[in-house]
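Secondary and tertiary structure notes
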Amino acid sequence: MPELLAQPRWAEAAQALIGGCLDLGPRQEGAIALMETICTGLGDQLYPAFLRVLAEVNLRGEYAARAAVAQTLAQSLCQGRLPSGSRAAWGAHQAGVQRRSLGPIEYLCLAAWPRACESRGTSELSPEQFQTLASAVMELLDCDAEARSLYAGHLCAVADDPLDGTMPREVRAALRAFAQSWRSHPDASRACAAFVDSLGRAGR
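The model shown is predicted, which means the values in this text are computed figures rather than measured ones.

**A few points about the packing of aromatic side chains**
The full count for this structure, using the stated rule, is five aromatic pairs. Considering the side-chain rings of Phe130 and Phe195, the 5.3 Å spacing of their centres and the 35° angle between planes classify their relative orientation as tilted. Within this pair, whereas Phe130 is found in helix α6 (residues 127-141), its partner Phe195 is found in helix α9 (residues 188-202), the two being separated by 65 residues in sequence. Classification of Phe130 by relative accessible area gives buried; the value is 0%. The buried category is assigned to Phe195, whose relative accessible area is 2%.

What follows is the structure in structure tokens.
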């Protein structure tokens, strides 16, 4: 099983991803396969590390580089190969429960739910951690208008699918509003803040 280094080289990982997307062509099979391989190699437990790499790309990359990664994510989504992390249905603790793959933003949204760690009644991510990571991934996708539109539509579809029980009703409602806000107004910070407020009201 892969393990993170004691001091992960985030900047180097981000540069490698940027270089691959630019060299292979952001809408091409090679770039999609590279991103898929990186995510698969990390596995579910280290999936948050992949999200950190995307955030680092947004922080350090020039606009063209960020747009290339955004376009690769969008093309991956179109092909049903969006780099995803697997989660069990909420409230399920026994072995063999149904799991679902969630892409970067919806994964973070569920992790920010105050009852994501049901046994402790807490979230996996604090509001500040959620806003930092989710805003970074969203700003990355904002570099390409088509990527943002496609991903916002994907989030709406996730919110409208209650069948597998991965997300409870209040999270799906907040996610739908979050996606619609982001699609209409590419302001990641505002959309994330509104999402956190929605979850807070739902948890009262």
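**Concerning helix α3 (residues 47-60)**
Taking 1.5 Å of rise per residue, 14 residues should cover 20 Å, and α3 covers 20 Å from first to last C-alpha, within 8% of that figure. Taking burial as the measure, the 14 residues of α3 include 10 buried ones, the bulk of the element. Residues of α3 that are buried include every one of Tyr47, Ala49, Phe50, Leu51, Val53, Leu54, Ala55, Glu56, Val57 and Asn58, and no others.

**Things to note about α6**
In this model α6 runs 21 Å from its N-terminal to its C-terminal C-alpha over 15 residues, within 8% of the 21 Å that 1.5 Å per residue would give. When we look at burial in α6, the residues that qualify are Phe130, Leu133, Ala134, Ser135, Ala136, Val137, Met138, Leu140 and Leu141.

**Some thoughts on the packing of α3 against helix α5 (residues 104-111)**
Viewed as axis vectors pointing N to C, α3 and α5 meet at an angle of 115°, and their least axial separation amounts to 11 Å. In the packing of α3 onto α5, the handedness of the crossing is left-handed. Contact residues: α3 offers Tyr47, Pro48, Leu51 and Leu54, while α5 offers Pro104, Tyr107 and Leu108. In terms of residue class, the contact of α3 with α5 is made up of seven nonpolar, no polar and no charged.

**Considering the side chain of Arg172**
In this fold, Arg172 is placed in helix α8 (residues 169-184). With no salt bridge to any partner, buried Arg172 finds its closest opposite charge in Asp160, at an N-O distance of 5.9 Å. Those residues in contact with Arg172 that sit more than four places away from it in its chain are Val158, Ala159, Asp161, Pro162 and Met167.

**A few points about the packing of helix α1 (residues 10-24) against helix α2 (residues 29-42)**
In a packed pair of helices, the relevant descriptors are the angle between the two axes and the axis-to-axis distance. Two elements in contact, α1 and α2, have axes separated by 8 Å at closest approach and are oriented at 155°. One element, α1, and the other, α2, form an angle in the roughly antiparallel class. Residues Leu17, Gly20, Cys21 and Leu24 of α1 pack against Gly30, Ala31, Leu34, Met35 and Ile38 of α2. When grouped by side-chain class, the residues that make up the contact of α1 with α2 number seven nonpolar, two polar and no charged.

**Description of the side chain of Ser135**
Within the secondary structure, Ser135 is located in helix α6. At a separation of 2.7 Å, a polar atom in the side chain of Ser135 contacts the main-chain carbonyl oxygen of Gln131. Apart from residues lying up to four places away in sequence, Ser135 is in contact with Phe130, Ala188, Ser189 and Cys192.

Definitions and cut-offs
- Residues numbered from 1 in each chain as written.
- Predicted model: local features only at pLDDT ≥ 70, side-chain atom pairs only at ≥ 80, totals over all residues.
- Heavy atoms only, no water.
- Phe/Tyr/Trp six-rings, centres within 6.5 Å; stacked < 30°, edge-to-face > 60°.
- Helix = DSSP H or I, 4+ residues; strand = E, 2+ residues; numbered from the N terminus.
- Buried < 20%, exposed > 50% of the residue type's maximum accessible area, 1.4 Å probe, protein only.
- Expected span 1.5 Å × (residues − 1).
- Axes fitted to C-alpha atoms, helices over the stretch in contact; angles between N-to-C directions.
- Left-handed = near helix turned anticlockwise from the far one by under 90°.
- Contact = heavy atoms within 4.5 Å.
- Nonpolar A, V, L, I, M, F, W, Y, C, P; charged D, E, K, R; others polar.
- Lys, Arg positive; Asp, Glu negative; His and termini not counted.
- Salt bridge = Lys/Arg side-chain N within 4 Å of Asp/Glu carboxyl O.
- Parallel < 35°, antiparallel > 145°, perpendicular 65-115°, else oblique.
- Polar contact = N/O pair within 3.5 Å; in protein donor to acceptor, adjacent residues only side chain to side chain.

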